[in-house]
Amino acid sequence: DSGIALCRPMYYDYPEQPEAYDFSREYQFGDNMLVAPIGTPMDSGYATVKVWLPSGSDWYEWNTGTLLKGGQILDRKFSLSEYPLYVKAGAIIPTYPEVNNLKKNPHQVIVGVFPSRDGSSSADIYEDAGDSKDYARQYAVTKVKSVVKDRTLQVTILPRKGGYFGMEPTKDYQVKLYGSEMPERVLVNGHLVSSRYYGKELCVIIDIPS
């Protein structure tokens, strides 16, 4: 929509903060994700990375689900299987399961919700056929909303708008709530459902079939 690159330097969004220039390894991936590549050797199985988290928002560490305050510089440790990736509080990040080819969009969409302490946020999930130049006029958009009030989190996935050739009529969703405690209960459309908890990422996982 804007022509701004998906991968971009930190000074695009934080031109007045000197750390945006000093931490030249760091970059943004979209509006809500920060990547701090590892450039130090491992010691006893871990590499220590000095990470700058810009002020103006809190940040979730993707690997651990830990919510960290913005406006500070931290030393964080990472194993060989981890990567320094941080997500703004309030962001909604869609992902797919493993994709092997572009002949067909995956039937499942994984919606990662990174709640802010209090407040609301939303995101538009765009999809097209993925194998032609018709993406400008044949596409679908799904709006997802997240609202935090007191100790309740409500996520709303609205019906898709638009369409494209070969689009399946329904989707399976998996909602992942990051930085969460074990929930007292989970409701989908008012009905009690089961969920599972992944302690390493402090993440509640809810499977929602079509």
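In case you missed it, the structure is sitting above this.
Parameters and conventions
- Residues numbered from 1 in each chain as written.
- Predicted model: local features only at pLDDT ≥ 70, side-chain atom pairs only at ≥ 80, totals over all residues.
- Heavy atoms only, no water.
- Phe/Tyr/Trp six-rings, centres within 6.5 Å; stacked < 30°, edge-to-face > 60°.
- Helix = DSSP H or I, 4+ residues; strand = E, 2+ residues; numbered from the N terminus.
- Buried < 20%, exposed > 50% of the residue type's maximum accessible area, 1.4 Å probe, protein only.
- Pairing = 2+ DSSP bridges.
- Axes fitted to C-alpha atoms, helices over the stretch in contact; angles between N-to-C directions.
- Core = buried A, V, L, I, M, F, W, Y, C linked by side-chain atoms within 4.5 Å.
- Salt bridge = Lys/Arg side-chain N within 4 Å of Asp/Glu carboxyl O.
- Contact = heavy atoms within 4.5 Å.

### Observations regarding the packing of aromatic side chains
Within the structure shown, the criterion is met by nine aromatic pairs. With centroids separated by 4.4 Å and ring planes inclined at 5 degrees, the aromatic side chains of Phe114 and Tyr178 adopt a geometry described as stacked. Here the residue Phe114 occupies a position in the loop between strand E10 (108–113) and strand E11 (119–127), and Tyr178 occupies one in strand E15 (residues 172–178), the gap between them amounting to 64 residues. Across this residue pair, the class does not change: Phe114 and Tyr178 are buried. Aromatic ring contacts, followed pair by pair, group Tyr60, Trp62, Phe114 and Tyr178 into a single cluster.

### Observations regarding the sheet that holds strand E1 (residues 7–9)
Strand order across the open sheet formed by six strands is E1-E2-E3-E8-E5-E6, with antiparallel pairing between neighbours. With one partner strand each, in any of the chains shown, E1 and strand E6 (66–68) form the two edges of the open sheet. With strand direction ignored, the average angle separating the axes of adjacent strands in the sheet is 30 degrees. Note: strand E3 (residues 33–35) against strand E8 (residues 85–88), three bridges, orientation antiparallel. Looking across to E8, one finds that Val35 is bridged to Leu85.

### Looking at the nonpolar core
Membership of the largest hydrophobic core comes to 15 residues, with the highest contact counts inside it found for Leu53 and Tyr86. For this core, the secondary-structure elements that each account for two or more residues are strand E4 (47–53) and strand E7 (72–78). In terms of residues, this core owes the most to one element, E4, which gives four residues. Val113, Ile125, Val144 and Ile206 belong to the second-largest nonpolar core, a separate cluster that totals 13 residues.

### Looking at the sheet that holds strand E19 (residues 203–208)
Spatial strand order, E9-E10-E15-E19-E18: five strands in an open sheet with mixed pairing. In the strand order of this sheet, the two ends are held by strand E9 (92–95) and strand E18 (196–198), each with one partner. Ignoring which end each strand starts from, the neighbouring axes of this sheet average 25 degrees apart. Here four bridges tie E9 to E10, and the two strands are oriented antiparallel to one another. In the sheet register, Pro94 faces E10, and the bridge partner there is Val111.

### What about the environment of Glu184?
For Glu184, the location among the structural elements is in the loop between E15 and strand E16 (186–188). Overall, the relative accessible area of 82% leaves Glu184 in the exposed class.

### Comments concerning the pattern of salt bridges
Summed over the entire model, instances satisfying the criterion amount to nine salt bridges. The closest approach of N and O atoms between Arg8 and Asp31, which form a salt bridge, is 2.4 Å. With a gap of 23 residues between them, Arg8 in strand E1 and Asp31 in the loop between strand E2 (27–29) and E3 connect regions that are remote in the sequence. Put simply, Asp124 and Lys143 hold a salt bridge, and the shortest N to O gap is 3.0 Å. Placement of Asp124 in strand E11 and of Lys143 in strand E12 (residues 139–149) is noted, with a sequence separation of 19 residues between them. Among the charged side chains, a salt-bridge network with shared partners connects Glu127, Arg160 and Lys171.

### Looking at the environment of Trp62
Residue position: Trp62 is located in the loop between strand E5 (59–61) and E6. A relative accessible area of 19% places Trp62 in the buried class. For the pair formed by Trp62 and Phe114, sequence separation is 52 residues and the distance between their alpha carbons is 9.5 Å.

### Thoughts on the environment of Phe114
What makes Phe114 buried here is its relative accessible area of 0%. It is 14 Å that separates the C-alpha atoms of Phe114 and Gln174, two residues lying 60 residues apart in sequence. Beyond its immediate stretch of four places on either side in the chain, Phe114 contacts Tyr60, Trp62, Val87, Lys88, Ala89, Gly90, Ala91, Ile93 and Tyr178.

Take it as geometry only, folks, not as evidence of what the structure does.
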